Amino acid sequence: IIAVYAYTALVLGIVSLAALLVLGFGVSERPEAKTGQGNEVPAVVAVRRALCNRPYCIYLFIKFPISLVSLLPVNLMSFFLRYGMKMEDWASLYFTLVLVILFASLLGTPLVWYLTRRFGKREVLMYVSGACCPFFFAFFFVPPQSFPTAVIYIAGVFVGLLTVVMFVVLDSMLADIIDYDALHTGKRSEGVYTVAETNLQQFIEVIGGVVPLLLMSAVGFENNGGCECGCGVACDEAYMRWKCPGDIGYSCDGQSTFDSPPLFGEVGRQAPCVDQGSDAVVWIIRAFLFALSGVCLLLVCLGAKIYPITKAAHSAILDATESLAAGGEATDPLTGKAVVRSAASHAQLRREHFSARELSLSSHWLKTQLSGRLLLWLGAFIAILAGMAASGGEARQYIVAIGAICCSALFVLVPWDAARLQVLLKMSRAERAVGPSAEEKDNSARS
């Protein structure tokens, strides 16, 4: 296992160094991105504008499911090999699978790049996800103990390709979305789009890693089958293969290798450390590992189908942006409407902190609403901390993890509403009474 980690780290180090060199010497920013345009827009306004960008919302709809597909197999495959396929020597197959995923990703990167250049990003995303989806549903219905080892490696190849698609295709799609936003705003907002998308993806990754384990614990999961050692966990005594309640596997040859025959009991009996007392544990593993992955791929196909920025549309977006920069007029390639940019006055930026419904409320009621939300977030934070402190047992680590996720969400909501309340206190009645600006109307139309 140590050698596998060492070789994997060496390969990743070489690839990371090569990627850093390519980024430093082969990638350049567009001229307008170097001027820092867009920095004068407040964070709340920039995020609200991003969420009014329909292609970006579709992108997030795609990003979350495909992130889960690349995450769940890596997190849950070790449990499936040990408790589903009943493999005592599960670690060797698992780390071989990790290497398969790694090399499939490396070899698939130039292939995916070529296909996206040849057919388009949306088409590659849709067809790759659609091709992998039936296999994951089929894997779900295969009995675990009858699962062929070769199929495990095939699933690893699929995961590797989907990982490449997630990073190569989706990141390129995000760049197109930023170009579309620049067409309407005249400003580059890379920071807002990448930070918001990265933080939301981290929520999904934590949830995908915690929720399956929490459900497994709820139906009786015991780590290592309740055994003190065995199944990859070294025993203190070299002559033991496993040490479990009611069954100790003493080896005949004094070695703790997986093929050492037990000294007492039936020679070919199954190691207790691969067994869970409840079949529901294995069903949960299978459901998240295969069925949920298949559902996520279906959602990715749906999102790719309705994603509007094709290769031709992106070229039209760049042409329209250049036309506006030259002082001419331009039409939105996605909506067919004329692009209207308005001057970003301080009064307009303040108004964009709020929705049209909120601006229709009285100043006193809106202040009360925002203040009440801040108190609600504070109360929720205190309640979560109390619940985490009061939790106990084996489920505590999962409760603490979920509590941390909720607290991180509160760390976003509190400054969000605090910033809006601060802006509201500075707004005059005349500013709130002004009708929607051209920018606000355009955001509403695009959403």
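Each chain carries its own residue numbering, running from 1 in the written order of its sequence. The predicted origin of the model limits local features to residues at a pLDDT of at least 70 and limits the giving and counting of side-chain atom pairs to 80 or more, whereas totals for whole chains, interfaces and linings rest on all residues. By convention in this description, side-chain values take in all heavy atoms of the structure and omit both hydrogens and water.

Quick look at the packing of aromatic side chains now. Working definition: rings of Phe, Tyr and Trp (its six-membered ring) pair if their centres are within 6.5 Å, and the pair is stacked with planes under 30 degrees apart, edge-to-face with planes over 60 apart, and tilted otherwise. Enumeration over the complete set of coordinates arrives at 18 aromatic pairs. Pairing Phe 135 with Phe 139 gives two aromatic rings, centres 6.5 Å apart and planes at 50°, and the pair type is tilted. Of this pair, Phe 135 and Phe 139 both sit in helix H5 (residues 121-140), four residues apart, which is roughly one turn of that helix. Only protein chains enter the area calculation, which uses a 1.4 Å probe; residues under 20% of their type maximum are buried, those over 50% are exposed, and those in between are partly exposed. Taking the relative accessible area as the measure of exposure, Phe 139 reaches 7% and is therefore buried. Chaining the aromatic ring pairs together yields one cluster made of Phe 80, Phe 135, Phe 136, Phe 139, Phe 147, Phe 158 and Phe 290. We call a charge positioned above a ring when the Lys NZ or Arg CZ atom is no farther than 6 Å from the ring centre and deviates by at most 35 degrees from the ring normal. The lysine or arginine in question, Arg 118, covers the ring of Phe 119, its NZ or CZ lying 5.0 Å from the ring centre. Counting from the N terminus, the helices are DSSP H or I runs at least four residues long and the strands are E runs at least two residues long.

Our focus in this paragraph is the layout of surface pockets. Put simply, the second largest pocket is a space of about 470 Å³. Of all the secondary structure elements, the ones that give two or more residues to the lining of the second largest pocket are helix H2 (43-51), helix H7 (190-218) and helix H13 (396-426). Looking at the lining of the second largest pocket element by element, the count peaks at seven residues for H7. Residues are grouped as follows: Ala, Val, Leu, Ile, Met, Phe, Trp, Tyr, Cys and Pro are nonpolar; Asp, Glu, Lys and Arg are charged; every other residue, Gly included, is polar. Partitioned by chemical class, the residues of the lining of the second largest pocket number 15 nonpolar, two polar and no charged. The definitions used throughout rest on a 1 Å grid laid over the protein atoms alone, on which a cavity is an enclosed set of points accommodating a 1.4 Å probe that cannot get out and a pocket is an open set flanked by protein within 12 Å on both sides along at least five of seven lines; lining residues are those having an atom within 4 Å of a point. Grid points are joined across faces, edges and corners, and a volume is the space filled by probe spheres set on the points.

Here the idea is plain: a probe the size of a water molecule rolls over the atoms and shows the empty space left. Counted by the stated rule, this structure contains one cavity of 30 Å³ or more. Forming the walls of the largest cavity are 13 residues, and the residues nearest its centre are Pro 73, Val 74, Met 77, Leu 97 and Ile 101. Those elements that place two or more of their residues in the lining of the largest cavity are helix H3 (54-84), helix H4 (90-119), helix H6 (149-185) and helix H8 (279-306). No other element matches the four residues that H4 contributes to the lining of the largest cavity. Its residues assigned to classes, the lining of the largest cavity comprises 12 nonpolar, one polar and no charged.

Salt bridges are defined as contacts in which a side-chain nitrogen from Lys or Arg sits within 4 Å of a carboxyl oxygen from Asp or Glu. Summed over all chains, the structure comprises 13 salt bridges. Two residues, Asp 417 and Arg 373, come together in a salt bridge whose shortest N-O distance is 2.9 Å. Taken as a pair, Asp 417 in helix H13 and Arg 373 in helix H12 (residues 363-390) lie far apart in primary sequence, 44 residues in all. When its relative accessible area of 0% is taken as the criterion, Asp 417 is described as buried. What makes Arg 373 partly exposed here is its relative accessible area of 28%. Where Asp 417 meets Arg 420, a salt bridge forms, and the shortest distance between an N and an O atom there is 3.5 Å. One end of the pair, Asp 417, and the other, Arg 420, are both in helix H13, three residues apart, so they sit about a helical turn from each other. Considered together, Asp 417 and Arg 420 belong to a single accessibility category, that of buried residues.

Moving on, we come to the state of the cysteines. In what follows, a disulfide is any cysteine sulfur pair within 2.5 Å. A complete count under the given rule lists three disulfides for this structure. In this model Cys 227 forms its disulfide with Cys 244; the gap between the sulfur atoms is 1.9 Å. Taking the sign of the S-S torsion, about 105° here, the bridge from Cys 227 to Cys 244 comes out right-handed. Of this pair, Cys 227 sits in the loop between H7 and strand S1 (240-244) while Cys 244 is found in strand S1, placing the two residues 17 residues apart along the sequence. Taking the relative accessible area as the measure of exposure, Cys 227 reaches 9% and is therefore buried.

We now examine unusual backbone geometry. Most of the time, phi is negative for any residue but glycine, and the peptide bond is trans. The backbone of Lys 86 sits at a positive phi, close to 60°, despite the residue not being glycine. Take Lys 86: it is sitting in the loop between H3 and H4. Lys 86 sits in the partly exposed class, given a relative accessible area of 22%.

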